[in-house]
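Close look at the chain arrangement
If you want the building blocks of each chain, they are given just below.
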Amino acid sequence: AQTVTQSQPEMSVQEAETVTLSCTYDTSESNYYLFWYKQPPSRQMILVIRQEAYKQQNATENRFSVNFQKAAKSFSLKISDSQLGDTAMYFCAFLVEYGNKLVFGAGTILRVKS
Amino acid sequence: DTEVTQTPKHLVMGMTNKKSLKCEQHMGHRAMYWYKQKAKKPPELMFVYSYEKLSINESVPSRFSPECPNSSLLNLHLHALQPEDSALYLCASSPTRQALAKNIQYFGAGTRLSVL
């Protein structure tokens, strides 16, 4: 069975600064996908970024980037130039290849302060 | 367009009521999901439909009854719910494994359910 651990229940960051959210996972699978989802107070779950395990290059999406360390089973999310709209609950999630059952971490509440 | 539409946005029901939640997507996705989410917790998978057939039921009580009448629509029928069933119910959809951008689940905004 796969598990996903987010060790930071809450974090704060000043507007325009950079913040890193941690995620570790445990699996015996070789091929899988990792995701970061954002859920603002409006409650819509939005995909932030996606990483295929077979790709060594770290995924980036504008201000969002990941540090994927497959051997360490670590998948952290870096948010650069933080904006007030980044305030949300962030979930790290794991999906085995050809599976359709997302395994979520407990989530990290991120507050961006002005 | 990556929109999954859920109705209603809010629902209050008594323990003897029967109600239904609706989810719709027009992205051609052939996998659809129901999740239950309590406050400040991650979503918990309830059901998965693949090609309109139920493929996963995560031991959900029978007072929750899913239905997938066609490839765009997913319903969740509710009957004799308990107060502890109060939660945010999220619907999601994803392309099939053969499609591009496979495995990404797109979520709706959810239905906030309160059981009195």
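Right, let's walk through the structure included here.

Between side chains of opposite charge, a pair can form as their charged atoms come close. If you walk through the whole model with that rule in mind, you get nine salt bridges over all chains. Through salt bridges with shared partners, a single network forms among Arg50, Glu52 and Lys55 of chain A.

With that settled, the discussion passes to the nonpolar core. Residues Leu102 of chain A together with Trp34, Tyr35, Phe64, Leu76, Leu78 and Phe107 of chain B are the most contacted members of the largest nonpolar core, which totals 46 residues. Per element, the largest residue contribution to this core is six residues, and it comes from strand β9 (residues 87–94) of chain B. Listed in part, the 27 residues of the second largest apolar core include Val13, Leu77, Ile79 and Val112 of chain A.

Each partner contributes residues to the interface: chain A has 21 residues there, and chain B has 26 residues. Interface area, chain A with chain B, both sides summed: about 2000 Å², of which 55% is carbon and sulfur. Of all residues in chain A, Arg43, Tyr98 and Asn100 of chain A bury the most surface against chain B, accounting for 32% of the area lost on that side. In this structure, the connection of chain A to chain B is made through one salt bridge. Residue Glu58 of chain B is joined to Lys101 of chain A by a salt bridge in which the shortest nitrogen-to-oxygen separation is 2.7 Å.

So, about the side chain of Lys38 of chain A. Residues and elements named next belong to chain A. Tracing the chain through its elements places Lys38 in strand β5 (residues 32–39). Of the side chains bearing the opposite charge, Asp86 lies closest to the buried Lys38, which forms no salt bridge; the N-O distance is 4.1 Å. Polar side-chain contacts of Lys38 include one of 2.9 Å to the backbone oxygen of Gly85. If we ignore the near neighbours within four places in the chain, the residues touching Lys38 are Gln44, Met45, Ile46, Val48, Gly85, Asp86, Ala88, Met89 and Tyr90.

This brings us to the state of the cysteines. When the sulfur atoms of two cysteines share a covalent bond, that bond is a disulfide. Residues and elements named next belong to chain B. For the structure on display, the rule yields two disulfides over all chains. Covalently, Cys23 is tied to Cys91 through a disulfide, its sulfur atoms 1.9 Å apart. The sign of the -70° torsion about the S-S bond sets the Cys23-Cys91 disulfide as left-handed. Taken as a pair, Cys23 in strand β3 (residues 18–25) and Cys91 in strand β9 lie far apart in primary sequence, 68 residues in all. Given a relative accessible area of 0%, Cys23 falls into the buried group. Overall, Cys91 belongs to the buried group, its relative accessible area being 0%. Just so you know, Cys68 is unpaired, no disulfide at all, and the nearest cysteine sulfur is the one on Cys23, 9.2 Å from it. On the accessibility criterion, Cys68 (12% relative accessible area) is buried.

Residues and elements named next belong to chain B. In the sheet, strand β7 (residues 64–70) pairs with strand β8 (residues 73–79) via five bridges, with the strands oriented antiparallel. Looking at the pairing, Glu67 lines up with Asn75 of β8. Between β7 and β8, which pair antiparallel in sequence order, lie two residues.

This part covers the packing of aromatic side chains. Enumeration according to the criterion identifies 13 aromatic pairs over all chains in this entry. Look at Phe91 of chain A and Phe104 of chain A: their rings are 6.0 Å apart centre to centre, the planes differ by 80°, and that puts the pair in the edge-to-face class. Pair noted here: Phe91 of chain A is in strand β10 (residues 88–96) and Phe104 of chain A is in strand β11 (residues 103–104), with a separation of 13 residues, a long-range link. By the burial criterion, Phe91 of chain A is buried, and Phe104 of chain A matches it. When the ring of Phe104 of chain A is compared with that of Tyr35 of chain B, the centres are 6.1 Å apart and the planes differ by 80°; the resulting orientation is edge-to-face. With Phe104 of chain A in strand β11 and Tyr35 of chain B in strand β4 (residues 31–37), the pair connects residues from two separate chains.

If you trace the backbone, Thr96 of chain B turns up in the loop between β9 and β10 (106–107). Classification of Thr96 of chain B as buried rests on a relative accessible area of 15%.

Let us now look at unusual backbone geometry. The omega torsion across Thr7 of chain B and Pro8 of chain B is -10°, close enough to zero to call that bond cis. Tracing the chain through its elements places Pro8 of chain B in the loop between β1 (4–7) and β2 (10–13). Look at Lys73 of chain A: it is not a glycine, yet its phi comes out positive at around 55°. Examined against the element boundaries, Lys73 of chain A turns out to sit in the loop between β8 (64–69) and β9 (74–79). Unlike most non-glycine residues, Tyr51 of chain B shows phi in positive territory, near 50°. On the accessibility criterion, Tyr51 of chain B (41% relative accessible area) is partly exposed.

Reading the values: rules and limits
Residues numbered from 1 in each chain as written. Chains lettered and ligands numbered in written order. Predicted model: local features only at pLDDT ≥ 70, side-chain atom pairs only at ≥ 80, totals over all residues. Heavy atoms only, no water. Salt bridge = Lys/Arg side-chain N within 4 Å of Asp/Glu carboxyl O. Core = buried A, V, L, I, M, F, W, Y, C linked by side-chain atoms within 4.5 Å. Buried < 20%, exposed > 50% of the residue type's maximum accessible area, 1.4 Å probe, protein only. Helix = DSSP H or I, 4+ residues; strand = E, 2+ residues; numbered from the N terminus. Contact = heavy atoms within 4.5 Å. Buried area = accessible area lost by both parts, 1.4 Å probe. Lys, Arg positive; Asp, Glu negative; His and termini not counted. Polar contact = N/O pair within 3.5 Å; in protein donor to acceptor, adjacent residues only side chain to side chain. Disulfide = S-S within 2.5 Å. Pairing = 2+ DSSP bridges. Phe/Tyr/Trp six-rings, centres within 6.5 Å; stacked < 30°, edge-to-face > 60°.

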